[in-house]
Amino acid sequence: MWRRLVARLATAFSQGLKRHGVAALLVAGLLSACSTLSAPPRVAQAPQPVAAPVAPLPETQGPVKVAVLVPLSGQSAAIGQSMLDAAQMALFDMAGDQLQLLPRDTKGTPNGAADAARQALAEGARLIIGPLFAADVAAVRPIAQNAGVDVLAFTNDATQAGNGTYVMGFVPADQVSRVAGYARSRGATRFTVLAPRSPYGDAVVNAMQSIAPRLGAMTTQVERYDPAITDLSVPAKQVAQETPQPQAVMLAEGGQRAQGIAQALAANGVQPQQVKLLGTGLWDDSSQGALGQEPALVGALYAAPTPQTRARFESQFEQVYGRKPPRIATLAYDATSIAAVLTRSGGPVPFDRMAMTNPNGFEGLDGLFRLRADGMVERGLAVMEITPTGSRVVDPAPPSFEMLGQ
C-alpha cells in the first residue's frame with residue numbers, strides 16, 4: 001500500500017509542476033518513512049470526540065465530494081471567489097476525477113454558512129473546506145460534528161479549533177514562538193510587547209508571555225493601547241522609559257501602523273541597532289506596503305512561510321485569472337490538496353482522523369504544516385529580515401518536524 005501511495009504522490013507532484021509550475025502538496029515525511037512503516041504513524045494525542053455520537057460515514061462510492069464554503073456574494077465576494085479559484089487550481093493539479101468540489105455560497109454570514117453546510121452535507125460532502133470568518137465557522141461546527149464530517153476552516157481564530165475543526169489560518173502563536181526563539185539564539189533575553197487592545201493583540205501578548213520562560217527569557221514589559229490611537233508616540237515613550245531597555249520589542253501591527261510605531265520608537269531613543277524589532281505574520285503581505293521604506297524597520301525580523309513557492313503560485317494565479325490573489329488564497333489551495341492527497345491514497349474512508357493528523361505533516365504552498373488532534377495547525381516557518389528592497393530569509397524553515405524536535 002505504501003509503495004503504491006508513494007507512486008501516486010510522486011505522479012501528482014510531477015503533473016502539478018508541469019501544469020501550473022506550482023509545487024503540489026505532498027505528505028511530508030511519508031516518503032522517507034515508507035521503508036520502515038507498515039501502517040500510518042499514530043498521533044500522540046487521540047482526537048477529541050465529537051459533541052454528539054454519530055454513525056460512521058459509509059465507505060466512499062464514486063468521486064469523493066468535498067464542500068468549499070466561501071462568500072460568493074456580499075461584501076467579501078471577491079475574496080471568496082479567489083479562494084474558490086485557488087481550490088480549483090489545486091483540484092486540477094492534484095485530484096483528477098477522484099475528487100469533486102461542491103462550492104457553496106456562505107453569503108458572508110453565519111446563517112448563510114450554516115445553510116451552505118447543510119446543503120453540501122445533504123449532497124454527500126465528506127469534508128468541509130472553509131468557511132472564511134470565525135462567526136461562520138462557529139455556525140458550521142455543530143452541523144459538521146453532528147454529521148461526523150471534519151472542517152478545514154480558513155479562520156485564524158484559535159477558539160474555533162477542536163472536535164474535528166482545524167484552524168488553517170495563520171495564528172500568531174507559531175510566528176511569535178519562531179521569531180522570538182531566533183532572537184533568543186542571538187542573545188536577546190529581555191522582551192517587550194507593544195500591542196493594541198484587540199483579540200489579535202491579546203493573542204500576541206499571550207504567546208510571548210507563554211514562550212519567553214521556555215526560552216530562558218523574560219517578558220519585561222507589555223504596553224497596550226487603543227487600536228484607534230493616532231499618536232503612536234505615547235506607547236513608544238513607555239517602552240523608551242523602561243530601564244534597562246529591552247533587547248527585543250514585539251510589534252502586533254502590520255503595514256503603516258508597524259511603520260509608524262517603529263518610527264516613534266526610534267524618535268524616542270529606541271534604536272534598532274541596539275533593540276531588535278520583531279513582527280508577526282501581518283508583515284507577510286505585500287499589500288501592506290514596503291516596510292523597508294521605514295529606516296527604523298530595516299533589520300527587523302518576523303516569521304513566515306518561505307516565500308518562493310507561494311510566489312510561483314501567485315504568478316500562475318495571475319496568469320490564469322488575470323488578477324493577483326489575496327494572501328490567504330494559499331490556504332484554499334493547501335486545504336484542497338490535503339483532500340486530494342488523502343483521496344488518492346485509495347482508502348475507503350479517505351478523511352480518517354489518523355490520516356488527517358499524520359504527525360509527519362504535509363508540505364504545501366505555505367511550507368511544512370500538520371493538523372493537530374486539538375484542531376490547531378502547526379507550521380514550520382522561516383525567519384525573515386526586512387531590507388530596503390524587500391524581505392530575505394535569514395533562517396530557513398525546517399524540512400521536517402523532527403528537525404524542530406517535535
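It should be emphasised that the depicted structure is a prediction, and the values quoted were computed from it without experimental measurement. (Residues numbered from 1 in each chain as written. Predicted model: local features only at pLDDT ≥ 70, side-chain atom pairs only at ≥ 80, totals over all residues. Heavy atoms only, no water.)

Chemist: Describe in detail the overall build of the protein chain, supporting the description with residues and values.
Modeler: Summing up its helical and strand segments, the protein chain has twelve helices and 16 strands in all. Residues classed as buried in the protein chain amount to 52% of the 406 residues present. A sequence separation of at least 24 residues applies to 70% of the contacts in the protein chain between residues at least 6 apart. Accessible surface, the protein chain as shown: approximately 17000 Å² in total, 52% of it carbon and sulfur. (Helix = DSSP H or I, 4+ residues; strand = E, 2+ residues; numbered from the N terminus. Buried < 20%, exposed > 50% of the residue type's maximum accessible area, 1.4 Å probe, protein only. Contact = heavy atoms within 4.5 Å. Areas by Shrake-Rupley, 256 points an atom, 1.4 Å probe, with all protein chains shown as cover.)

Chemist: Explain the packing of aromatic side chains residue by residue, including any values.
Modeler: Taken as a whole and judged by the stated rule, the model has five aromatic pairs. Aromatic side chains Phe317 and Tyr321 sit 4.7 Å apart centroid to centroid with 50 degrees between the ring planes, which places their arrangement in the tilted category. Taken together, the positions of Phe317 and Tyr321, both in helix α10 (residues 307-321) and four residues apart, correspond to about one turn of that helix. Residue classification places Tyr321 among the partly exposed residues on the basis of a relative accessible area of 27%. (Phe/Tyr/Trp six-rings, centres within 6.5 Å; stacked < 30°, edge-to-face > 60°.)

Chemist: Hey, could you go over the pattern of salt bridges for me, with residue numbers and the actual values?
Modeler: Scanning the entire structure with this criterion turns up 14 salt bridges. Salt-bridge contacts for Asp395 lead to Arg178; the nearest nitrogen and oxygen are separated by 2.9 Å. On the criterion of sequence distance, the pair formed by Asp395 in strand β16 (residues 390-395) and Arg178 in helix α6 (residues 172-185) is long-range, its members being 217 residues apart. We classify Asp395 as partly exposed; its relative accessible area is 24%. The salt bridge involving Arg370 is made with Glu378; its shortest N-O contact spans 3.0 Å. You'll find Arg370 and Glu378 in the same group, each marked buried. Residues joined in a network through salt bridges with shared partners are Asp284, Arg310, Glu314, Arg327 and Asp366. (Salt bridge = Lys/Arg side-chain N within 4 Å of Asp/Glu carboxyl O.)

Chemist: Outline the sheet that holds strand β2 (residues 64-70), supporting the account with residue identities and numerical values.
Modeler: Across the sheet, five strands lie side by side as β3-β2-β4-β5-β6; this open sheet has parallel pairing. Only two strands of the sheet have a single neighbouring strand rather than two, namely β3 (99-105) and β6 (165-167). The mean angle between the axes of side-by-side strands here comes to 20 degrees, regardless of whether they run parallel or antiparallel. Looking at chain direction, β2 and strand β4 (residues 127-129) are connected through three bridges and run parallel. Pairing of Val66 across the sheet is with Leu127, part of β4. Each of β2 and β3 is contacted by helix α3 (residues 77-94), which is oriented at about 175 degrees to β3, the strand it contacts most. Together, β2, β3, β4 and β5 (150-153) form the strand contacts of helix α11 (residues 329-344), whose direction differs from that of β3 by roughly 150 degrees. (Pairing = 2+ DSSP bridges. Axes fitted to C-alpha atoms, helices over the stretch in contact; angles between N-to-C directions.)

Chemist: Would you mind going over α11 in detail, with residue names and values included?
Modeler: Taking 1.5 Å per residue as the helical rise, α11 with its 16 residues ought to reach 22 Å, and the 23 Å between its terminal C-alpha atoms agrees with that figure. Extensive coverage of α11 is indicated by the burial of 16 of its 16 residues. (Expected span 1.5 Å × (residues − 1).)

Chemist: Outline the packing of α3 against α11, listing residues and values.
Modeler: At their nearest, the axes of α3 and α11 sit 8 Å apart, and the two run at 35 degrees to each other. Between α3 and α11 lies a crossing of right-handed hand. Each of Ser82, Met83, Ala86, Ala87, Met89, Ala90, Leu91, Asp93 and Met94 in α3 lies in contact with α11, whose residues at this interface are Ala329, Leu331, Ala332, Tyr333, Thr336, Ser337, Ala340, Val341 and Arg344. Residues belonging to the contact of α3 with α11 are distributed by class as follows: 13 nonpolar, three polar and two charged. (Left-handed = near helix turned anticlockwise from the far one by under 90°. Nonpolar A, V, L, I, M, F, W, Y, C, P; charged D, E, K, R; others polar.)

Chemist: Give a description of the sheet that holds strand β7 (residues 190-196) that names residues and reports values.
Modeler: If you walk across this open sheet you meet the seven strands as β8-β7-β9-β10-β11-β15-β16, and the pairing is mixed. At either margin of the open sheet sits one strand with a lone partner, and together these are β8 (218-225) and β16. For this sheet, the mean angle separating the axes of adjacent strands, direction not counted, is 30 degrees. The pairing of β7 with β8 spans seven bridges and is parallel. Paired with Val193 across the two strands is Val222, which belongs to β8. The sheet contacts of helix α7 (residues 199-214) involve β7, β8 and β9 (248-251), and relative to β8 the element is tilted by about 170 degrees. Across the sheet, helix α9 (residues 255-267) touches β7, β8, β9 and β10 (276-279), and the angle it forms with β9 is around 150 degrees.

Chemist: Quick rundown of the side chain of Arg379? Include the residues and the values.
Modeler: Here Arg379 shows up in strand β14 (residues 377-379). For the buried Arg379, which has no salt bridge, the nearest side chain bearing the opposite charge is Asp366, at an N-O separation of 4.7 Å. In this structure the side chain of Arg379 is engaged in a polar contact, spanning 2.7 Å, whose partner is the backbone oxygen of Met168. Among all residues touching Arg379, those that are not within four sequence positions of it are Met168, Phe170, Asp174, Leu331, Asp366, Leu368 and Phe369. (Lys, Arg positive; Asp, Glu negative; His and termini not counted. Polar contact = N/O pair within 3.5 Å; in protein donor to acceptor, adjacent residues only side chain to side chain.)

Chemist: Just give me the short version of the environment of Leu365, but keep the residues and values in it.
Modeler: Structurally, Leu365 is set in the loop between β12 (362-364) and β13 (367-371). When the C-alpha positions of Leu365 and Tyr333 are compared, they lie 7.7 Å apart, and in sequence the two are 32 residues distant.

Chemist: Explain unusual backbone geometry to me, and be specific about the residues and the numbers.
Modeler: Note the cis peptide between Gly130 and Pro131, where omega equals -5 degrees. With an omega of -10 degrees, the peptide bond between Thr243 and Pro244 qualifies as cis. Its location among the elements puts Pro244 in the loop between α8 (233-240) and β9. Even without being a glycine, Lys107 presents a positive backbone phi close to 60 degrees. Secondary-structure assignment places Lys107 in the loop between β3 and α4 (110-122).

Chemist: Account for α8, naming residues and giving values.
Modeler: Turning to α8, its buried residues number three or more, namely Ser233, Pro235, Ala236, Val239 and Ala240. Here the buried residues of α8 occupy an arc of 160 degrees about the axis, which is enough to place them on one side. (Arc of directions from axis to C-beta.)

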